[in-house]
Amino acid sequence: MDIATDRLLLRKFRLTDAEQAYENFGKDPLVGRYVSFTPFDTLANSHEAVRHHVWEYDNNPDFYGWAITYGGEVIGSIGLFDIDHESETCEIGYSVGSKWWGQGFATEAAKAVVNFALLRMFAHRVQATYHPENIASKRVLEKVGMKYEGTMRGAQRNPNGTYSDLCMCAILSDDRSLLCDRFDVLVLDTDHFGAVLGL
C-alpha cells in the first residue's frame with residue numbers, strides 16, 4: 001500500500017524506477033558510506049533490486065518496501081524488515097539521496113513508516129541501527145521518537161572485511177507519545193486501509 005505525507009509519496013517500486021533509483025541515491029557515495037548493504041549501487045544491481053521488490057510485493061505478504069518519491073521523482077527507499085509476529089517487532093531502514101539531505105525528508109518518511117508499523121501492523125517495538133559516526137541518521141531516529149539502547153560491538157561486517165559497531169535504538173507502542181510534532185499519514189491503498197492516521 002502507498003503512504004502519503006505532507007510532501008512525499010511512499011509507494012511500491014516499479015520496474016521503470018531502476019535507473020532513477022541508481023542515479024538519485026544508489027550510486028551516491030555519501031548514501032553508502034556507513035552501510036554494508038547497497039542494493040542500488042550499480043545500474044545492474046538497481047534493476048535487480050527493483051525486480052526483487054516487485055516479486056516480493058506479489059509473493060510475500062510480510063514485505064514492506066517503498067520508494068520515497070518527491071514531486072514524482074524517486075529520491076530514496078525505506079522499508080520494514082526482520083518482522084517477527086510472535087514478538088510483534090520489526091526493524092526500519094532507509095536511504096535518501098544526499099541532494100535531498102537537510103530538508104527533513106528522511107524524518108518525514110521514517111515517521112510515516114513508524115506510524116504505519118505501530119498503528120497498522122500493531123507492532124509493539126520498531127527498532128533501528130546506525131553507525132556511531134552517522135550523526136544525521138541518529139538525529140532522524142531521535143526525531144522519530146526512538147531511544148538509544150546501547151552499542152553492539154563489531155555488529156556490521158563492511159565490504160572491505162572490517163567490522164563496525166552499531167548503535168541500537170527503538171520505539172515501543174507505549175512510547176508513541178514521544179514522537180516529535182503532530183504528524184498525519186494517509187494510507188492510500190483502499191484494498192487495505194484508506195484511513196487518515198493522526199498522532
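Here is a short report on the structure shown in this document. All figures in this text were calculated on a predicted structure; none of them were measured in a lab. (Residues numbered from 1 in each chain as written. Predicted model: local features only at pLDDT ≥ 70, side-chain atom pairs only at ≥ 80, totals over all residues. Heavy atoms only, no water.)

### Digging into helix H2 (residues 43-59)
Okay, so step 1: Along its 17 residues, H2 runs 24 Å from first to last C-alpha, staying within 8% of the 24 Å computed at 1.5 Å per residue.
Okay, so step 2: Where H2 is buried, its residues meet strand E2 (8-11), helix H1 (18-26) and strand E3 (64-70). (Helix = DSSP H or I, 4+ residues; strand = E, 2+ residues; numbered from the N terminus. Expected span 1.5 Å × (residues − 1). Contact = heavy atoms within 4.5 Å.)

### Notes on the packing of aromatic side chains
Okay, so step 1: Applying the stated criterion across every chain yields a total of seven aromatic pairs.
Okay, so step 2: Consider the rings of Trp 66 and Phe 116, whose centres lie 5.6 Å apart with planes at 85 degrees: the pair is edge-to-face. Here the residue Trp 66 occupies a position in strand E3, and Phe 116 occupies one in helix H3 (residues 105-119), the gap between them amounting to 50 residues.
Okay, so step 3: With a relative accessible area of 1%, Phe 116 lands in the buried category.
Okay, so step 4: Each residue in the set Phe 13, Phe 25 and Phe 40 is aromatic and connected to the rest through ring pairs, giving one cluster. (Phe/Tyr/Trp six-rings, centres within 6.5 Å; stacked < 30°, edge-to-face > 60°. Buried < 20%, exposed > 50% of the residue type's maximum accessible area, 1.4 Å probe, protein only.)

### As for the side chain of Asp 17
Okay, so step 1: In this structure, Asp 17 sits in the loop between E2 and H1.
Okay, so step 2: Look past the residues within four positions of Asp 17 in its chain and what remains in contact with it is Arg 11, Lys 12, Val 50 and Val 74.

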